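Observations on chain architecture
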Amino acid sequence: MQALQLAGALDLPAGSCAFEENTCGFDSVYAFLPWILNEEGHYIYVDTSFAKPGEKAVLLSSDLQAEEWSCLRLVYQITTSSGSPSDPSRLNLYVRFQDESFDRLLWSAKEPSDSWLIASLDLQNSTKKFKILVEGVLGQGSTASIALFEIKMTTGYCIECDFEENHLCGFVNRWNPNVNWFVGGGSLRNSPSVLLQDHTLKSELGHYMYVDSVYVKHFQEVAQLISPMTTAPMSGCLSFYYQLQQGNDNSFSLYTRDGAGLYEELWKMDQPESAAWNVAEVEFSAPYPMEVIFEVAFNGPKGGCVALDDISFSPVPCQNRTELPFSAVEASCNFEEDFCNFYQDKEGSGWTRVKVKPNMYRAGDHTSGNGYYLLANTKFTSQPGYIGRLYGPSLPGNLQYCLRFYYAIYGFLKMSDTLAVYIFEENHVVQEKIWSVLESPRGVWMQAEITFKKPMPTKVVFMSLCKSFWDCGLVALDDITVELGGCSSPERLLPRPGECTFEQDECAFTQERRNRSSWHRRRGETPTSYTGPKGDHTTGVGYYMYIEASHMAYGQRAQLLSWPLRGVTGKQCLTFFYHMYGAGTGLLSVYLKQEGESEGSLLWRRRGEQSISWLRALIEYSCEKQHQVIFEAIRGLSLRSDIAIDDVKFQAGPCAEMEDLTQQSSGYSEELNEIEF
């Protein structure tokens, strides 16, 4: 028996566990609650019978590697007290790469259920070693619990399935009172199998999915089999086997459905070539999360039976196509080097690429504070009634896009339509307006984001209008990005790994004390005039952290401590934006404090007034021990010495722009330092 159990354990792929007798190399992290192995096996759990709400249990795998594309499946259940607590339990899954000092949140769930649920997560192939970290955070309620039934990591894509396992690879049937997808085949005598054999095993013991018209009661009854949502971009050939039995009064189709619920038909069955298993190959592209839906519609009870088996995916196109897949990077630009793939009307240059050295009266660009951006419709170059158009590159049709950009407006009496965005369909002359300025704070970089989808190839057009000489001002544009998928899709709402924008909270930053002289989270202008930012760096209307000089004495300091960061081998890059405007501005320093040390070592420092703009800082460092990064602000001589920071980001590897930044910083009082520990 022990030999059989050992053989069964050896059959489990690395990174997998069924929690029958042990946790298979997954270990509870001692600093948190332990995961408890159920006495009868089958699952591990954590609940409020031995823990308090808000406490968490963390499970960590051994070192793993996914040199081929892999699928990670999690069978779990979250239960709670009756009613819907304001603070529910949450199950989080992170990936911890060996060269990163932070964990990447891959998936999160908080919805309670009375049955086991399946999460399917695609892991892109990589040569990096990593660990899987499962975190269960208990919510409010006397009976809150989180349980894990199985973790399984297998080579292949999550949308692939041969239907031989009980979990059906996470595929689900959309329940219909009359027609549904069922599992066919198997060894049971009373199996509802209508086929002699499946395709995988070519045996009556094998399994497949089927839908039968025998229970159809209404015209156009529909059965849907829905795949797990893809969680990583993929493009290639989707293939599957299907069989039609005893009828032709039906329609069998394959659709994709994105997170917004938009359907697109990829394939529809013609007359099958044979009564046996037929293969279908479909070009499939999922640049953002999508579900695959197999749909059968019956027009009457003589529609027969449709069977499905062996869904597989290959990153190689079905046909030998040579065109390269579209890259959204081609439609993005920060204008630091040139116009990228953007261009203007031949009639004239309404947009000019400019660089303004930031000072106390003029703001710099959004990218770094001292780089390039576009400027339109100045009083000196525009004629009244002139329209400046900036065209983006062609975007393929039938894809959903998220367009983001930053703009700033100066000098206009009326802001309406001073800047507008149009969609230009290439096979039509008509342009459709999708966004325009209504009202905006003057001189603040504001973020705009727009989701759109058009059936035909399109171009994005930025248009600035100068209506009359007396009402012409300046329109600035910077950091245009185009991403595939909707701007508010669920995967975009997850916090970015190693990053804090302070939009929701202070992330995991802490302070030793909190009072009027501490760091404060704020939006909009600071209370004291002629110091502090007018808005945050992230969106222009969001939050940042700052010290309020009027609440502090000269020389008083405030420290903001990062969450504990793991020590790793190799260089790390810390970037953030800082704002030091005001005649009496003091000192902003960044320290690295290693575990066990009482004081930190200086990484970076700026002294005195720097600019009315947000400026970017890049700090490259190495540390192989657990550590924290400390932002320390010291109040200057006068009330006009507010200091602010925003958009803090930790990244693995060296800072790509280190050399450029050092050259740009040579005029400042303190040089950027690179320090080894």
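Residues numbered from 1 in each chain as written. Predicted model: local features only at pLDDT ≥ 70, side-chain atom pairs only at ≥ 80, totals over all residues. Heavy atoms only, no water.

The protein has the name MAM domain-containing protein 2 in an unreviewed UniProt entry, where Neovison vison is given as its organism.

If you trace the 5 strands from one edge of the open sheet to the other, you get β2-β3-β11-β6-β9, paired in antiparallel fashion. Both outer strands of the open sheet, β2 (36–37) and β9 (117–123), are each paired with one neighbouring strand and no more. Here strand β6 (residues 70–79) runs beside strand β11 (residues 145–155); their pairing, made up of 10 bridges, is antiparallel. Bridge pairing in β11 places C71 opposite T154. (Pairing = 2+ DSSP bridges. Helix = DSSP H or I, 4+ residues; strand = E, 2+ residues; numbered from the N terminus.)

Further remarks concern the state of the cysteines. Applying the stated criterion across every chain, the model contains 8 disulfides. The partner cysteine of C237 in its disulfide is C318, sulfur to sulfur 2.1 Å. Across the disulfide from C237 to C318, rotation about the S-S bond amounts to roughly 100°, and the bridge is consequently right-handed. Pair noted here: C237 is in strand β16 (residues 234–245) and C318 is in the loop between β21 (305–314) and β22 (343–344), with a separation of 81 residues, a long-range link. (Disulfide = S-S within 2.5 Å.)

Bringing the sheet that holds β21 into the picture now. Spatially, the 5 strands line up as an open sheet ordered β13-β14-β21-β16-β19, and their pairing is antiparallel. Only two strands of the sheet have a single partner each, and these edge strands are β13 (182–185) and β19 (278–286). Going across the sheet, the axis of each strand differs from the next one's by a mean of 40°, ignoring polarity. In the sheet, β16 pairs with β21 via 8 bridges, with the strands oriented antiparallel. Residue Q245 lies in a different strand from β21, and its bridge partner there is C305. (Axes fitted to C-alpha atoms, helices over the stretch in contact; angles between N-to-C directions.)

What follows deals with the environment of N178. Relative to the helices and strands, N178 resides in the loop between β12 (172–174) and β13. Spatially, the C-alpha atoms of N178 and E221 are 7.6 Å apart, while their sequence positions differ by 43 residues. Residues in contact with N178, not counting those within four places in the same chain, are Y215, K217, H218 and E221. Of note is the side chain of N178, whose polar atom sits 2.6 Å from the side chain of E221. (Contact = heavy atoms within 4.5 Å. Polar contact = N/O pair within 3.5 Å; in protein donor to acceptor, adjacent residues only side chain to side chain.)

A few words on the environment of L561. Among the secondary structure elements, L561 is positioned in strand β35 (residues 557–561). For the pair L561 and Q628, spaced 67 residues apart in sequence, the C-alpha to C-alpha distance is 6.6 Å. Residues within four places of L561 in sequence aside, it is in contact with A508, F509, T510, Q628, V629 and I630.

Bringing the pattern of salt bridges into the picture now. For the coordinates displayed, the defined rule picks out 13 salt bridges. When the shortest N-O distance is used, the salt bridge between E100 and R104 registers 2.8 Å. Overall, R104 belongs to the partly exposed group, its relative accessible area being 31%. Each of R96, D103 and R566 takes part in a single network of salt bridges with overlapping partners. (Salt bridge = Lys/Arg side-chain N within 4 Å of Asp/Glu carboxyl O. Buried < 20%, exposed > 50% of the residue type's maximum accessible area, 1.4 Å probe, protein only.)

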